[in-house]
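Secondary and tertiary structure notes
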Amino acid sequence: MKRFELAVIGGGPAGMAAALEARKRGVSRIAILEREPELGGILQQCIHSGFGLTYFEEELTGPEYAERFIQLLRGSDIEVLTDTTILAIGTDRKLTAVNPVMGYFEILADSLILATGCREKTRDSIGIPGDRPAGVFTAGSAQRFMNREGGCIGRRAVILGSGDVGLIMARRLALEGCEVVAVAEARAVPTGLKRNVLQCLNDFGIPLLLSHTVTSIVGKERLEGVVLSQVDEHLQPIPDQSEFIECDALLLSVGLIPETDLAIQDGIPVHETQGGLLVDENLQCGAEGIFACGNAVRIFDLADSVSRQAERAGRSAAAYLAGRKSESAKEQAAAERSASI
Ligand SMILES: Cc1cc2nc3c(=O)[nH]c(=O)nc-3n(C[C@H](O)[C@H](O)[C@H](O)COP(=O)(O)OP(=O)(O)OC[C@H]3O[C@@H](n4cnc5c(N)ncnc54)[C@H](O)[C@@H]3O)c2cc1C
């Protein structure tokens, strides 16, 4: 069994900033546990610029932003275990983990920070009817496929949802020579940042169809097209206001969900409506010595805000550990006093 003062689950911007801050505050045995082969989290697939404007007062790409923290970690004594997936956590802060070198093993930590990020809503989450052909992607998986694996996802695409990931992918596809027929948004206003609507759609002449949604997916082997329908103020399709749009790729940018499965297994509470880990003002979860930060708590628009919040989690964990040490020093002194009487 490995033992640490602080174990941080997740090596994205939240986990990295939290670990570095805790180290700065005097925590000595820290580990970051990351299931991917490298640190950086989702930032490694965000090759566009727009990161770091408030945190570094510079415009960086996602990988450049991540690299700033990775360099600081390299210069520190924080242990980084990549390719390491945490399978379960206990409220007693015992973790079960697996990686290709050590196999299945346990970790005991005096304090934990959960920085597990989020996952994307899928076609099933929003219940789009129709066929189940190839060519339907979540926007983030398409981003990873294109930016990290060098794949081509299609030649004529429709994007459902005007969240930031969808807007950024509209521009990315256009830059790769794919025709983006439209970005459809069920609400009457776009949900992504205004700067992304301007820079990713308007600058590329990509139409934004507000109050529209996809009501059917058509295609046997490969996607052949989608039915786009206008919706009313209750987001219900308006009869006779639908049209078939030919396309071979559909990207879904329909929301992100905090990744809380590990915590739920052990009964650590989550927010009833937002689904993120429930935290107090010190970012402590409903279990002593377990803290959380980043998208696992709530979905953030900007990585810069994630880094700042994560630093608070690092400070809280350090304060908790300092409190524990002083308690146990007092107990030891009392025990020594009573032994000498
Ligand atoms: C597809 C997508 C695109 C985005 N694009 C932008 C953008 O362009 N600009 C911007 O500012 N923000 C963007 N964001 C927002 C971005 O998520 C946040 O800014 C930031 O990356 C969140 O940091 P995080 O550390 O909380 O999560 P993440 O970056 O997701 O990191 C979480 C890490 O935890 C690891 N992990 C999870 N579970 C386990 C486990 N059981 N064991 C071990 N490791 C685990 C994951 O592998 C991951 O590396 C995007 C988000 C998504 C999902």
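Residues numbered from 1 in each chain as written. Predicted model: local features only at pLDDT ≥ 70, side-chain atom pairs only at ≥ 80, totals over all residues. Heavy atoms only, no water.

1. A few points about the overall build of the protein chain
Looking only at helices and strands, the protein chain has eight helices and 19 strands in total. Expressed as lengths along the three principal axes of its C-alpha atoms, the size of the protein chain is roughly 90 × 35 × 35 Å. When the 341 residues of the protein chain are sorted by exposure, 48% land in the buried category. For the protein chain, the accessible surface area stands at approximately 16,300 Å², while carbon and sulfur atoms represent 50% of it. Taking the average location of the 34 positive side-chain charges in the protein chain and that of its 46 negative ones, the two points are 5 Å from each other. (Helix = DSSP H or I, 4+ residues; strand = E, 2+ residues; numbered from the N terminus. Buried < 20%, exposed > 50% of the residue type's maximum accessible area, 1.4 Å probe, protein only. Areas by Shrake-Rupley, 256 points an atom, 1.4 Å probe, with all protein chains shown as cover. Lys, Arg positive; Asp, Glu negative; His and termini not counted. Charge placed at Lys NZ, Arg CZ, Asp CG, Glu CD.)

2. Observations concerning the side chain of Ser 316
Within the secondary structure, Ser 316 is located in helix α8 (residues 303–340). Dropping the residues within four chain positions of it, Ser 316 is found in contact with Asn 282 and Phe 291. (Contact = heavy atoms within 4.5 Å.)

3. With respect to the site of the ligand
Lining the immediate environment of the ligand, one finds 36 residues, of which Ala 14, Glu 34, Ile 42, His 48 and Asn 295 sit closest. A distance of 3.1 Å separates an oxygen atom of the ligand from a polar atom in the backbone of Ala 303. When the ligand is considered free in solution it has 970 Å² of accessible area, and contact with the protein chains removes 94% of it. Elements represented by at least two residues in the shell around the ligand include exactly α1 (13–24), β6 (85–89), α4 (139–147), α5 (164–175) and α8. Tallied by class, residues from the shell around the ligand come to 19 nonpolar, 13 polar and four charged. (Near = heavy atom within 4 Å. Polar contact = N/O pair within 3.5 Å; in protein donor to acceptor, adjacent residues only side chain to side chain. Nonpolar A, V, L, I, M, F, W, Y, C, P; charged D, E, K, R; others polar.)

4. Overview of the sheet that holds strand β15 (residues 225–231)
Strand order in the open sheet formed by three strands is β14-β15-β16, and the pairing between neighbours is antiparallel. The sheet is open, and its two edges are formed by β14 (212–218) and β16 (237–246), each paired on a single side. This sheet shows a mean twist of 30° between the axes of neighbouring strands, independent of strand direction. Both β15 and β16 contribute to a ladder of six bridges, which runs antiparallel. (Pairing = 2+ DSSP bridges. Axes fitted to C-alpha atoms, helices over the stretch in contact; angles between N-to-C directions.)

5. Describing the pattern of salt bridges
Enumeration over the complete set of coordinates arrives at 21 salt bridges. The salt bridge partner of Asp 124 is Arg 132, with a shortest N-O separation of 3.9 Å. This pair shows no difference in class: Asp 124 is exposed, exactly as Arg 132 is. Salt-bridge contacts for Arg 172 lead to Glu 176; the nearest nitrogen and oxygen are separated by 3.0 Å. Each of the salt bridges in this network shares a partner with another, and the network as a whole consists of Glu 21, Lys 24, Arg 25 and Arg 315. (Salt bridge = Lys/Arg side-chain N within 4 Å of Asp/Glu carboxyl O.)

6. As for the packing of aromatic side chains
Scanning all chains against the criterion turns up eight aromatic pairs. Arranged with centres 6.3 Å apart and planes meeting at 65°, the rings of Tyr 55 and Tyr 65 form a pair that is edge-to-face. Of the two residues, Tyr 55 is situated in the loop between β3 (49–51) and β4 (60–61) and Tyr 65 in helix α2 (residues 62–74); the sequence distance between them amounts to 10 residues. Just as Tyr 55 is buried, Tyr 65 falls in that class too. (Phe/Tyr/Trp six-rings, centres within 6.5 Å; stacked < 30°, edge-to-face > 60°.)

7. Details of α5
With 12 residues, α5 ought to run about 16 Å at 1.5 Å a step, and its terminal C-alpha atoms sit 17 Å apart, in line with that. Most of α5 sits inside the fold, with nine of its 12 residues counted as buried. For α5, the full list of buried residues reads Asp 164, Gly 166, Leu 167, Ile 168, Met 169, Ala 170, Arg 171, Arg 172 and Leu 173. Check the buried side of α5 and you find it contacts α4, β11 (156–160), β12 (179–185), α6 (194–201) and β17 (249–252). One or two residues past the end of α5 sits Gly 177, with phi positive at roughly 90°. (Expected span 1.5 Å × (residues − 1).)

8. Some thoughts on the packing of α1 against α2
Look at α1 against α2: their axes get within 10 Å of each other, and the N-to-C directions meet at 35°. The two elements α1 and α2 meet at a crossing, and its hand is left-handed. On α2, the residues touching Pro 13, Met 16, Ala 17 and Leu 20 of α1 are Tyr 65, Ala 66, Phe 69, Ile 70, Leu 72 and Leu 73. Considering only residue class, the contact of α1 with α2 consists of 10 nonpolar, no polar and no charged. (Left-handed = near helix turned anticlockwise from the far one by under 90°.)

9. Observations regarding unusual backbone geometry
Positive phi outside glycine occurs at Ser 211, with the angle close to 55°. In this structure, Ser 211 sits in the loop between β13 (208–210) and β14. Of note, the phi angle at Asp 240 is positive, near 65°, even though the residue is not glycine. Along the polypeptide, Asp 240 turns up in strand β16.

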